[in-house]
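So the chains spell out like this:
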Amino acid sequence: MNISYNWLKRYIDTDLTPEEISTVLTDIGLEVEGFEKIETVKGGLQGVVVAEVVTCEEHPDSDHLHITSVNVGKEELLPIVCGAHNCRKGLKVLCATVGAVLYPDGGDEEFKIKRSKIRGVESLGMLCAEDELGIGSDHDGIMELPEDAPVGMSAKEYLHIEDDYLYEIGLTPNRIDGASHIGVARDLAAYLKSRGKEVKVTLPDVSDFKVDNHDLEVKVTVENREAAPRYAGVTVKGCKIAPSPEWMQNCLRSAGINPKNNLVDITNFVLFELGQPLHAFDAEKIDGREIVVRTCEEGTPFVTLDGTERKLSEKDLMICSKDKPMCIAGVLGGLESGVSDSTTDVFIESAYFNPVWVRKTAKRFGLNTDASFRFERGVDPNMQVYALKRAALLMKEYAGGSISSEITDLYPNPIENFVIEISFQRINALVGKEIPEETVRTILSALEIEILSEEDGLLKVSVPPYRVDVQREADLIEDILRIYGYNNVEIPSRVRSTISYAQRPNPNKLMNIAADFLSANGYAEIMSNSLTKAAYYEGLEAYKAENCVKILNPLSADLNVMRQTLLFNMLEAVALNANRKNGDLKLYEFGNCYFYNEEKRSEENHLSAYSQEYRLAMAVTGTAVAQSWNSRPEKASFYTLRAMVEKLLNRFGIDIYSLKTETLKSDLFGDALELSLNGKPFMQIGVVSSKIRRQADVKQEVYFMEMNFEALVKSTKKLKIAAAELSKFPEVKRDLALLIDKNVTFSELRNVAFATERKLLKSVSLFDVYEGDKLPEGKKSYALSFILEDKTKTLDDKTIEKVMNNLTKQFEMKCGAQVRA
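Residues numbered from 1 in each chain as written. Predicted model: local features only at pLDDT ≥ 70, side-chain atom pairs only at ≥ 80, totals over all residues. Heavy atoms only, no water.

Phe424, Ile427 and Val431 are the residues of helix α11 (residues 424-431) that are buried. Buried residues of α11 fall within an arc of 60° about the axis and therefore sit on the same side. Facing away from the buried side of α11, by more than 90 degrees, are the exposed residues Gln425 and Ala429. Tucked into the core, α11 has its buried residues touching β25 (418-423), α12 (437-446), β26 (450-455), β27 (458-463) and α13 (473-484). Looking at the residues trailing α11, positive phi occurs at Gly432, about 90°. (Buried < 20%, exposed > 50% of the residue type's maximum accessible area, 1.4 Å probe, protein only. Helix = DSSP H or I, 4+ residues; strand = E, 2+ residues; numbered from the N terminus. Arc of directions from axis to C-beta. Contact = heavy atoms within 4.5 Å.)

This is the structure we're talking about:
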């Protein structure tokens, strides 16, 4: 939302500088995200003054140059060589002195005035034409000023050129009352009044409004009162299409709107002035001179102003003539009913439409207009008639029209003010500081909030309906605080707290431990939206589309369901980075996943079909180890990710080999494993399938892991930390090479080993894998390393040999292994 400083000053008289206003607006909740100086004339004509040509003589070495002496309001006359044909003694001109910077024709190329010699004669300035100053296109000689032009006055002051300042306000959805210059002026005035300043917001005078004739009466009928609680209109006849006045065009440009013609510009001007959207219909195109506010049949075709044919829903409120729709109410006009270059008579619409109806229609068609932006958040229901009068008077003044009907105002059920009860004690409790009672009363008055009654510190107040964000006690306290000033609430010198019970294990604490661990190991955390697109789940078996939690009123097709997995968010992050030449990634994310199961739905509890699960996801892609002087680059692989997962589980006291591991067949992965904890699925890890990668436009291999973090947290309940003395006796290492079937896993061998020797076996590791032509078909070779230790004595060869023989025998019996020589 752009707010012009000069435009704002039309409605509030304050001595605050543009910079001070910027600070104040941010302090009171209208955060200024951008602040820019706008020069009406580029360069601001600095160094250009009103001057008088005192002498003018022909240049001896030129047939068209003149040697002049010029009075610029200083003691000494300036010698200036000029080539204009109309240069003469006694002429008042605009003179650019040495050091002035001009932008001819208003372009970007600067022209700096320097001390120079022209044909041997010194020249200390330039007598300027309009185009050289950037204020016009005339180049037929220097610009001639009236004889009474004051010599020495700056050109900027003489030409009444005012620089403007533009505030870009980051308007939050609840503060639609600030979506206009009057709204911002009202908030600024409230701040100044609360500081004891005598200021007021001056609305444009519409007392001159009167009906000139009744030559263009239009009947209005509202069939849907719910969708259109208030509908008003008036006609203006005999308008002449022309450009709007320059001041209005400048105002619209500052708001980011390109001027079109006087009629359209006036409706846009009133929108950004008052915050009330208007729509001007060409009266000649209103069939039967009748307006009907209603819905249309499902599937009715309608061509909007952008030339697109849209199929209407029976829930879309339409502004219709007697026989056909003309405009989508509060959203976008029709192609055939709007103002054109041949328009002479108009019907001006000013309405209050139900925000929910407008929002649903706008989202259904994917439209976001200046009008829908305001209607769907709630405009002032008391502004419609005033806005009509303002627009009609402007059309009368700048389009030559005449007001040709009475104002039609259909408002059967006026919207009441919001009545709220609030106590001084509650204000102080929520704010954290005692605000004087008189200060609270002053702020309420400045906010145009009326105190209906006051008794024993309890206030009953009436909030005007344009403040759609102030309907509860907490809202009102927040409003008081933003005007009082967040910066005026001191930071306490001591912290007051009570001992609170935290559940054990504490999920937040464990999440932070995991996040710190991963970040310390080079992984970057991402945070993504829980909303995603249903298209990701279409045709999936792993996460079926029917199990998606659907959004009833989605913002877009890309945000129409809740996610069932963190995978697609992760792939979107990979694609975003890879497309920006940052393809070497190690990422992780914590987040909820959401599920719907129709079979669990019951009449007693409709929410029983819904569930959620808190998960941790990790992904690696690209290069895992960067090239260095002492190492070669190493590509990320499944084992890069698995190693980090193993370390993370160890951090929480879980041995990855204690988990049941099975090969996973999933349409999300190419090769993958599923690990179970306490008999329940716990984690999936593998390489993302090429089909899934293509959906997210990811070309490189991505290795992905997703675990149930809630299950991990629960498992830590059983975790016990114990200390033990270091063994005084040495460990013994023995290796064994086994020929096994390809479907036998290291995990199976490890489990057999620990089941066979529980006392002396300390660890088992795999240090070599071989698969090749020299082995029988369907076989592979594993080389295992065993660490044996007895904490009570030194192991002898006989004991070691007995353990190894037992292990060999069990491997042969349970795994079909053969010992290789």
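Let us look at unusual backbone geometry. You will see that Leu45, though not glycine, has its phi angle at about 55°, which is positive. Non-glycine residue Asp697 carries a positive phi angle of around 60°. Locating Asp697 in the fold gives a position in the loop between α17 (690-695) and β38 (702-708). On the basis of relative accessibility, which here comes to 44%, the residue Asp697 falls in the partly exposed class.

Time to look at the sheet that holds β26. Taken together, the three strands give an open sheet; going across it, the order is β25-β27-β26, and neighbouring strands pair in antiparallel fashion. Bordering the open sheet on either side are β25 and β26, each of which pairs with just one other strand. Geometrically, the sheet is characterised by an average inter-axis angle of 20° between neighbouring strands, direction not taken into account. Bridging between β25 and β27 involves six bridges; their strand directions are antiparallel. (Pairing = 2+ DSSP bridges. Axes fitted to C-alpha atoms, helices over the stretch in contact; angles between N-to-C directions.)

Along any regular strand, the residues point their side chains to alternate faces of the sheet. Counting buried positions along strand β15 (residues 278-282) yields five of five residues, so the element is predominantly enclosed. Judged by which residues are buried, β15 turns out to be covered on both faces: Leu278, Ala280 and Asp282 on one side and His279 and Phe281 on the other are all buried. Here β15 pairs with strand β22 (residues 346-352) via five bridges, running antiparallel. If you follow His279 over to β22, its bridge partner there is Glu349.

Right, let's get into the nonpolar core. Membership of the largest hydrophobic core comes to 86 residues, with the highest contact counts inside it found for Ile348 and Leu476. Contact partners of Ile348, with chain neighbours within four places excluded, come to Ala232, Gly233, Val234, Val236, Leu278, His279, Leu388, Ala391, Ala392 and Met395. Judged by nonpolar contacts, the second largest core, of 61 residues, contains Phe517, Tyr588, Val744 and Val803. (Core = buried A, V, L, I, M, F, W, Y, C linked by side-chain atoms within 4.5 Å.)

Taken as a whole and judged by the stated rule, the model has 20 aromatic pairs. Centroid distance Tyr588 to Phe590: 6.0 Å. Interplanar angle 85°. Geometry classified as edge-to-face. Tyr588 gets classed as buried once you look at its relative accessible area, which sits at 1%. The exposure class assigned to Phe590 is buried, which follows from its relative accessible area of 9%. Taken together, a centroid distance of 6.3 Å and an interplanar angle of 70° make the contact between Tyr614 and Phe709 edge-to-face. (Phe/Tyr/Trp six-rings, centres within 6.5 Å; stacked < 30°, edge-to-face > 60°.)

Read from one edge to the other, the open sheet built from three strands follows the order β1-β12-β2, with strand pairing classed as antiparallel. Bordering the open sheet on either side are β1 (2-4) and β2 (32-38), each of which pairs with just one other strand. Recorded for the sheet is a direction-independent mean angle of 20° between the axes of neighbouring strands. Here three bridges tie β1 to strand β12 (residues 164-169), and the two strands are oriented antiparallel to one another. When the sheet's bridge partners are listed, Asn2 is paired in β12 with Glu168.

What follows deals with the side chain of Ser404. Mapped onto the elements of the fold, Ser404 is located in the loop between β23 (402-403) and β24 (408-410). According to the relative accessible area criterion, Ser404 is buried, its value standing at 0%. Excluding residues within four positions of it along the chain, Ser404 makes contact with Asn213, His214, Asp215, Leu216, Glu217, Thr235, Val236 and Lys237.

This part covers the packing of helix α14 (residues 507-520) against helix α16 (residues 638-651). Axis separation between α14 and α16 bottoms out at 11 Å; the angle between their running directions is 140°. When the axes of α14 and α16 are compared, the pair comes out oblique. For the crossing formed where α14 meets α16, the hand is right-handed. Counting all contacts with α14, which are made through Ile513, Ala514, Phe517 and Leu518, the residues of α16 involved are Met644, Lys647, Leu648 and Arg651. Looking at the contact of α14 with α16 residue by residue, the classes come out as six nonpolar, no polar and two charged. (Parallel < 35°, antiparallel > 145°, perpendicular 65-115°, else oblique. Left-handed = near helix turned anticlockwise from the far one by under 90°. Nonpolar A, V, L, I, M, F, W, Y, C, P; charged D, E, K, R; others polar.)

Per the counting criterion, the structure on display carries 44 salt bridges. A salt bridge links Asp187 to Arg175; its shortest N-O distance comes to 2.8 Å. Here Asp187, found in helix α5 (residues 181-194), pairs with Arg175, found in the loop between β12 and α5; they are 12 residues apart in sequence, far enough to count as distant. Residue class for Asp187 comes out buried when judged on its relative accessible area of 3%. Judged by relative accessible area, which is 4%, Arg175 ranks as buried. Salt bridges here are not isolated pairs; linked through shared partners, they connect Arg175, Asp177, Asp187, Arg467, Asp469, Asp479 and Arg482. (Salt bridge = Lys/Arg side-chain N within 4 Å of Asp/Glu carboxyl O.)

This part covers a nonpolar patch on the surface. There is a patch of nonpolar side chains on the surface, built from Val303, Leu305 and Leu335 and spanning about 240 Å² of accessible area. On the basis of relative accessibility, which here comes to 46%, the residue Leu335 falls in the partly exposed class. (Patch = residues over 30% accessible without salt bridge, like charges linked within 9 Å, V, L, I, M, F, W, Y side chains within 5 Å. Areas by Shrake-Rupley, 256 points an atom, 1.4 Å probe, with all protein chains shown as cover.)

With that settled, the discussion passes to a negative patch on the surface. On the surface, a cluster of negative charge is made up of Asp13, Asp15, Glu19 and Glu20. If you trace the backbone, Asp13 turns up in the loop between α1 (5-8) and α2 (18-27). Asp13 sits in the exposed class, given a relative accessible area of 66%. (Lys, Arg positive; Asp, Glu negative; His and termini not counted. Charge placed at Lys NZ, Arg CZ, Asp CG, Glu CD.)

Enumeration according to the criterion identifies zero disulfides in this entry. You can see Cys95 has no disulfide; the closest cysteine sulfur is in Cys128, sitting 6.8 Å from it. In this structure Cys320 is not part of a disulfide, and its nearest cysteine sulfur, from Cys296, lies 4.1 Å away. (Disulfide = S-S within 2.5 Å.)

The next point concerns the packing of helix α19 (residues 746-756) against helix α20 (residues 797-815). Their axes nearest at 10 Å, the elements α19 and α20 cross at an angle of 130°. The orientation of α19 with respect to α20, classified from their angle, is oblique. For the pair α19 and α20, the sense of crossing is right-handed. Listed contacts from α20 to Leu749, Val752, Ala753 and Thr756 of α19 are Asn806, Leu807, Gln810, Phe811, Lys814 and Cys815. Grouping the amino acids of the contact of α19 with α20 by side-chain chemistry returns six nonpolar, three polar and one charged.

Attention now goes to the pairing of strand β19 (residues 317-320). Residues of β19 alternate between two faces, with Leu317 and Ile319 on one and Met318 and Cys320 on the opposite face, all of them buried. Pairing of strand β16 (residues 290-295) with β19, which is carried by four bridges, proceeds in the antiparallel orientation. Paired with Val292 across the strands is Cys320, a residue of β19. Two strands pair when backbone bridges link them, and β19 and strand β20 (residues 325-328) are joined in this way by three bridges, in the antiparallel orientation. Note on β20: the bridge partner recorded for Ile319 is Cys327. Following β19, the chain reverses through four residues before pairing antiparallel with β20.

Along the chain, the position of Leu616 falls in strand β32 (residues 610-621). Residues Leu616 and Val211 lie 405 residues apart in sequence; the distance between their C-alpha atoms is 69 Å. Contact partners of Leu616, with chain neighbours within four places excluded, come to Leu518, Leu566, Tyr588, Glu589, Phe590, Leu648, Met705, Glu706, Met707 and Phe709.

Right, let's get into the environment of Glu455. Mapped onto the fold, Glu455 is located in strand β26. For Glu455, a relative accessible area of 59% puts it in the exposed group. As a C-alpha pair, Glu455 and Thr661 span 206 residues in sequence and 71 Å in three-dimensional space.

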